[in-house]
Amino acid sequence: PTDIVQTINCPMLFLFAENDKIVPYSEFEIWNKELKQKEGVTFKMYKGLNHVFMQGTGWQEQDFLINSNISHIVINDITNWINTNIIIK
């Protein structure tokens with residue numbers, strides 16, 4: 001998929017969670033290596049968060065059953081990225 005993404009010419013934001021066991025850190029490394037020179041690409045890694053960007057180990061079923069919200073840090077980063085990179089006409 002990184003070959004396909006190389007052909008896209010618009011700002012892109014890639015979010016990864018340290019404790020994500022569904023999309024492992026090795027994927028972050030691959031995407032970052034392949035796209036780090038591409039203009040308009042932003043990568044964010046979140047320590048201590050799981051696949052759904054909440055605190056958790058990523059392995060425990062209870063991590064996904066907790067009544068919680070996506071980390072406010074992730075929400076703020078997405079909002080700031082949109083405000084910086086997307087021009088609404």
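Residues numbered from 1 in each chain as written. Predicted model: local features only at pLDDT ≥ 70, side-chain atom pairs only at ≥ 80, totals over all residues. Heavy atoms only, no water.

A short note on the environment of T42
The condition that has to hold: Here a strand is any run of E in DSSP of at least two residues, a helix any run of H or I of at least four, and the numbering for each starts at the N terminus. Any two residues whose heavy atoms approach within 4.5 Å at even a single point are treated as in contact.
Mapped onto the elements, T42 comes out in strand 2 (residues 41-46). Measuring from C-alpha to C-alpha, the distance between T42 and F14 comes to 6.2 Å, with 28 residues separating the pair along the chain. Ignoring sequence-local partners within four residues, the contact set of T42 consists of M12, L13, F14 and W81.

Quick notes on helix 2 (residues 25-35)
Formally: Working definition: with a 1.4 Å probe on protein chains only, accessible area under 20% of the residue-type maximum means buried, over 50% means exposed, and in between means partly exposed. By construction, the arc corresponds to the directions joining the helix axis to the C-beta atoms.
When helix 2 is considered as a whole, its buried residues turn out to be F28, W31 and L35. Down the axis, helix 2 shows its buried residues gathered within 75° of arc, on one side only. Buried residues along helix 2 sit in contact with helix 1 (2-6), strand 1 (12-17) and strand 2.

Looking at the side chain of K38
Here is the rule: The charge count includes Lys and Arg as positive and Asp and Glu as negative, but it does not include His or the ends of the chains. One side-chain nitrogen of Lys or Arg within 4 Å of one carboxyl oxygen of Asp or Glu is enough to make a salt bridge.
Its place among the elements puts K38 in the loop between helix 2 and strand 2. It turns out K38 is buried and unbridged, and the closest side chain with the opposite charge, E39, is 8.6 Å from it. When sequence neighbours within four positions are dropped, the list of residues in contact with K38 reads V5, Q6, I8, N9 and M12.

A word on the pattern of salt bridges
Summed over all chains, the structure comprises 1 salt bridge. In this structure, K47 engages E18 in a salt bridge whose closest nitrogen and oxygen atoms are separated by 3.9 Å. Remark: E18 occurs in the loop between strand 1 and helix 2 and K47 occurs in the loop between strand 2 and helix 3 (61-65); sequence separation between them is 29 residues. Assessed through its relative accessible area of 35%, E18 is described here as partly exposed.

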